[in-house]
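Structural overview
In case you want the letters, here they are:
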Amino acid sequence: MSILISSETKILIQGITGAFGGKHAQLSIDYGTQVVAGVTPGKGGQTFEHAGVKVPVFNSVAEAAKATGATVSAIFVPPPFAGDAILECVDAGLDLAVCITEGIPIKDMVRVKRAMQGAKTRLVGPNCPGLVTPGEGEGSNGGCRIGIAPGYIHKKGHVGVVSRSGTLTYEAVFQITTKGLGQSTSVGIGGDPVNGTDHLDVIKLFNEDPDTKGIILIGEIGGNAEVEAARWIKDNCTKPVAGFIAGATAPPGRRMGHAGAIVGGAEDTAEAKIAVFKECGIEVAETPSDMADALLRAAKAKGVSLA
Amino acid sequence: MNIHEYQAKALFAKFGVPAPQGAAAKSSDEFATALSSLPEGPTMVKSQIHAGGRGKGTFTDGYKGGVKFCKTKDEALEVAGKMINNTLVTIQTGPAGRKVQTIYFTAALDIKKEYYLAILLDRATSRPVIVASTEGGVEIEKVAEETPEKITKVFIDPAYGLADFQIREIVFGLELTGGEAKNAYKLIRNLYTCFWETDASMVEVNPLITTPEGDVLALDAKVSFDDNALFRHPEIVELRDLNEEDPKEIEASKYDLAYIALDGNIACLVNGAGLAMSTMDIIKHYGGNPANFLDVGGGATKEKVIAAFKIILGDPNVGGIFVNIFGGIMDCNVIAEGIVDAVKEVGLKLPLVVRLEGNNVAAGKATLAASGLELVSGDTMADAAQKIVKLVA
C-alpha cells in the first residue's frame, strides 16, 4: 500500500508558476500524480498546462483546496516566504504539507512549528526532496510523486525508505529497484534542524503499514533523531531495519551543507549513532553502496521476504 | 556566520547589554587613538580572531598569550605591537593558527565573580534555550559533565517569548541578589532580544562578570548568526571578515556552492549534502583521504560546475578527483559538459574518476566518452571510490 500518499491523493503546488515549482509540477504530472491545483498569490485565474493536463491556479491554499478537494500541498516557495506558506496550509486544514524549500531561517521554523502544534496538518520538511509512492506503470508511473525525486528510479514494492538526504535516498531507492525489489513509500524528511517530521514519526507509520515489509533508515551527523528512532525500533518494531549514517569523516563544528548536519557534542557524531543502531538490532550499512544489501541481511536474519 | 568579539560587543551596546568600555584598532597607527578613548587605569589587550582559547594561545614567533592584562597604556601599546599581524595558534585554530588583524583594547575591571550565560537553539525541543551557570570562565561542557546542578536552563516558548519568571529563574540560579540581580535581569532581557532580533544562532557570554560596584557585564562575547537569515540582515553581513575564511570557501560561496576544505588529497564533486558526506566517508573507508566536501546542489548550471572544478583544482594538495553524481534535479549531461569545459580551460594532469547515475545519464556518459578526456568511470559508488583511491595512492 503506502503511507501518507497514494495514487489517489490530490495535490496542490504552491509556487507552481515559478521555474522550480513549474518544472517539478511537470515531472509529477508525467509520473501520473494528481496535480489538481496550483497556488501563487496574485495569479489566481491562470492555468498551468502540461501534457494536456490543465491545472487551475488560485490565489490561496484555502480557495484551491475548497475548489478541487486537494488535501496535500507541495511547497516550492522561496525562503523568505516559505514559513508563511506552510502556515497557510495549516490554516486551510490540509492533511499534509511537504516543504521542499532549502534556506528557511531557523527562527521562522521555530515559530511555524510552535504555531502548528495541535493542528491536524502534518509537515514534512523543510529542505526535503519530498515523498514518492511508486505506481504500477512503466518506470513506476501511476503513483504519487511530491517534490523533486526522479520518478523512474522507483519501483512498486514493500521497502519503506526514510531519509534526511535527497541524493543519498535516490542511491538507496535505486539499489532496491536494481535488485528487483521495490518501495512502498520513500520519504525524505529533509536536512534542517527544525522540521515537521522525524525519522521516528515515519518509522511508526511504516511499522503499521501492512504493505511495508522492511525499512531503510538513512541519517547523518547532527541532532538525535536517528538515535530516538533506533531506541523505539528496538522495543517496538517487528520488521527488519537497515540503517546508514553519513558524515563519519565530517570535521566537528562545521555545517556540512545541510543546516542540520553539524556535530554539537559527543552523541550526535556518526560513530555514536552507528553504535546505537547496532545496540538496537539495526543492520548497519558499511558504505552507502551497501544499503539495500544491509536490508537483505536484516530480512534474512528475521526470515522475512521483501519481495 | 561568525563575528569578532569587538563587533559582538558593539552589537551588545546597541541592545543595552553592558560590556567594559573598549576600542578596536586595525593597525599600529590606530593604537594611540584607541587607547586614549579609554579611562585611566589598566587595560586588557585582546587579539581578535574567530576562535576561542586566545588567552592560552601562542603566536608563531613564540610570543605567548593572545589576551594580556597591561598596567599602563605604554605597556598596552607595546603588547599590541607584538600581537598585530602576528599569527596566533590556539586549541581552536588548528596548528596553522590565524593572523591577528585587529586588536581590541578594553578597560580592565575588578572582577567580583565570573558566571556563564548563553542563548542558543535547543534542537530537541525546537526552542531557544538560555543556559546559565555560576561556573564562569571555564569550559561549560566540563561543568555539564561534572557538576550539572550548577547549570540553570530555561526554554522559551516562541509564541509567548521570554517570560519574566524565566529571567528570575536564571537570576536565582546564578545566586544573585539586590542590585546585582536587578542589573542581571535587565542584561538577560536585552541579550535575549539581541539573540532573537538578529537571528543569531548562538550568543555566548563567558564570562559574565559582577564587579565590586555591583555592575553586571559581558566580559567576553561570542556571537554567530544563522546563515539562512542573512538575507534579511544586511547590517550583520557587513560584519563578515573574509580574512577569517578559507579563500576557496569564499570563492565557493560566490557561486552558491557548499564547500569545506579538508586535509586529504582526493577532491570530491557531488550533488547533495548527504551524498557528498557519504562520498567523503566511502573514500576514507577504502583507505583514501578526502580533500574537501563539495555539494554543487540540485539546479547546478554548467558555469557552476566549472567554478566548482576550478576551486577544487586550486587546492595544491589534490592528487585526484572523484565526481559522484546521482542526478535527481541535476542533469548528468550538464555535469558532463561542465567537466569537459573545465578541463579544457584549466587542463588536467590528475586522475579523474567519474560516476554518473540518474537523470539523463546516457547523454552524460556519451558526452564524456566523446570528449577524449582521460578519465575512469565507476559503476557504483563503491566501485568508483575504490578506483580513485587506487589511482591516487
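Residues numbered from 1 in each chain as written. Chains lettered and ligands numbered in written order. Predicted model: local features only at pLDDT ≥ 70, side-chain atom pairs only at ≥ 80, totals over all residues.

1. Observations concerning the sheet that holds strand 9 (residues 144–147) of chain A
Residues and elements named next belong to chain A. Taken in spatial order, the 7 strands make up an open sheet running 9-8-11-10-12-13-14, and their pairing is mixed. In this open sheet, the two strands that pair with only one neighbour each are strand 9 and strand 14 (283–284). With 2 bridges joining them, strand 13 (residues 241–246) and strand 14 adopt parallel strand pairing. Counterpart to Gly243 in the pairing with strand 14 is Val284. Packed onto the sheet, helix 5 (residues 167–178) meets strand 10 (156–163), strand 11 (183–188), strand 12 (214–220) and strand 13 and runs at close to 160 degrees relative to strand 10. Against the sheet, helix 7 (residues 225–236) contacts strand 12 and strand 13, and its axis sits at roughly 150 degrees relative to strand 12. (Pairing = 2+ DSSP bridges. Helix = DSSP H or I, 4+ residues; strand = E, 2+ residues; numbered from the N terminus. Contact = placed C-beta atoms within 7 Å. Axes fitted to C-alpha atoms, helices over the stretch in contact; angles between N-to-C directions.)

2. Structural notes on the interface of chain A and chain B
With 46 residues of chain A at the contact, the number on the chain B side is 42 residues. Contributing elements (two or more residues each) for the side of chain A that touches chain B: helix 3 (79–91), helix 4 (106–116) and helix 5 of chain A. Sorting elements by how many residues they give to the side of chain A that touches chain B places helix 4 of chain A first, with 6 residues. Grouping the constituent residues of the side of chain A that touches chain B by class yields 24 nonpolar, 13 polar and 9 charged. (Nonpolar A, V, L, I, M, F, W, Y, C, P; charged D, E, K, R; others polar.)

3. Some thoughts on the pairing of strand 1 (residues 10–14) of chain A
All names here are of chain A. Across the 5 residues that make up strand 1, a large majority, 4, are buried. The pairing of strand 1 with strand 2 (residues 34–39) spans 5 bridges and is classified as parallel. Within the sheet, the bridge partner assigned to Lys10 lies in strand 2 and is Gln34. Crossover strand 1 to strand 2 through helix 1 (residues 19–31) is right-handed. Examined bridge by bridge, strand 1 and strand 5 (residues 72–75) share 4 bridges and lie parallel to one another. Residue pairing across strands places Gln14 opposite Ile75, the latter belonging to strand 5. (Buried ≥ 20, exposed ≤ 12 C-beta atoms within 10 Å, placed from the backbone. Right-handed = clockwise from strand over helix to strand, strands pointing away.)

4. Some words on the environment of Leu217(A)
Residue and element names in this part refer to chain A. Relative to the assigned elements, Leu217 resides in strand 12. Spatially, the C-alpha atom of Leu217 lies 7.2 Å from that of Val241, the residues being 24 residues apart in sequence. Filtering out sequence-adjacent residues up to four positions away, Leu217 remains in contact with Val162, His199, Ile203, Glu226, Ala229, Val241, Gly243 and Ile282.

5. Side note on the packing of helix 7 of chain A against helix 8 (residues 270–279) of chain A
Residues and elements named next belong to chain A. Viewed as axis vectors pointing N to C, helix 7 and helix 8 meet at an angle of 10 degrees, and their least axial separation amounts to 9 Å. Here helix 8 runs roughly parallel to helix 7, going by the angle between their axes. Taking contact as the criterion, the partners of Glu226, Val227 and Ala230 in helix 7 are, on helix 8, Lys273, Val276 and Phe277. Looking at the contact of helix 7 with helix 8 residue by residue, the classes come out as 4 nonpolar, no polar and 2 charged. (Parallel < 35°, antiparallel > 145°, perpendicular 65-115°, else oblique.)

6. Some points on the pairing of strand 10 (residues 151–155) of chain B
Residues and elements named next belong to chain B. Residues of strand 10 alternate between two faces, with Thr152 and Val154 buried on one and Ile151, Lys153 and Phe155 left unburied on the opposite face. Sheet topology places strand 9 (residues 127–133) next to strand 10; 5 bridges connect them, and they run antiparallel. Within strand 10, the position partnered with Ser133 by the bridge is Ile151.

7. Observations concerning the packing of helix 1 (residues 5–15) of chain B against helix 6 (residues 178–197) of chain B
If you want to describe how two helices pack, look at the angle between their axes and the distance between the axes. All names here are of chain B. Taken N-terminus to C-terminus, the directions of helix 1 and helix 6 make an angle of 115 degrees; their axes are 9 Å apart at the nearest point. In terms of orientation, helix 1 and helix 6 fall into the roughly perpendicular class. Crossing angle aside, the handedness with which helix 1 passes helix 6 is right-handed. Residues Leu11, Phe12 and Phe15 of helix 1 lie in contact with helix 6, whose contacting residues are Asn190, Thr193 and Cys194. Of the residues belonging to the contact of helix 1 with helix 6, the class tally is 4 nonpolar, 2 polar and no charged. (Left-handed = near helix turned anticlockwise from the far one by under 90°.)

8. Focus: the sheet that holds strand 4 (residues 67–70) of chain B
Within a sheet, neighbouring strands are paired by backbone hydrogen bonds and run either parallel or antiparallel to one another. Residue and element names in this part refer to chain B. Read from one edge of the open sheet, 4 strands run 1-7-2-4, paired in antiparallel fashion. The sheet terminates laterally at strand 1 (22–25) and strand 4, the two strands that pair on one side only. The sheet shows a mean angle of 20 degrees between the axes of neighbouring strands, taken without regard to direction. Relative to strand 7 (residues 103–107), strand 1 runs antiparallel, the two sharing 4 bridges. Residue pairing for strand 7: Ala24 is matched across the bridge by Tyr104. Packed on one face of the sheet, helix 1 meets strand 1, strand 2 (43–47) and strand 7 and runs near 140 degrees to strand 1. Each of strand 2, strand 4 and strand 7 touches helix 3 (residues 73–83); the most contacted strand, strand 2, lies at about 5 degrees to it.

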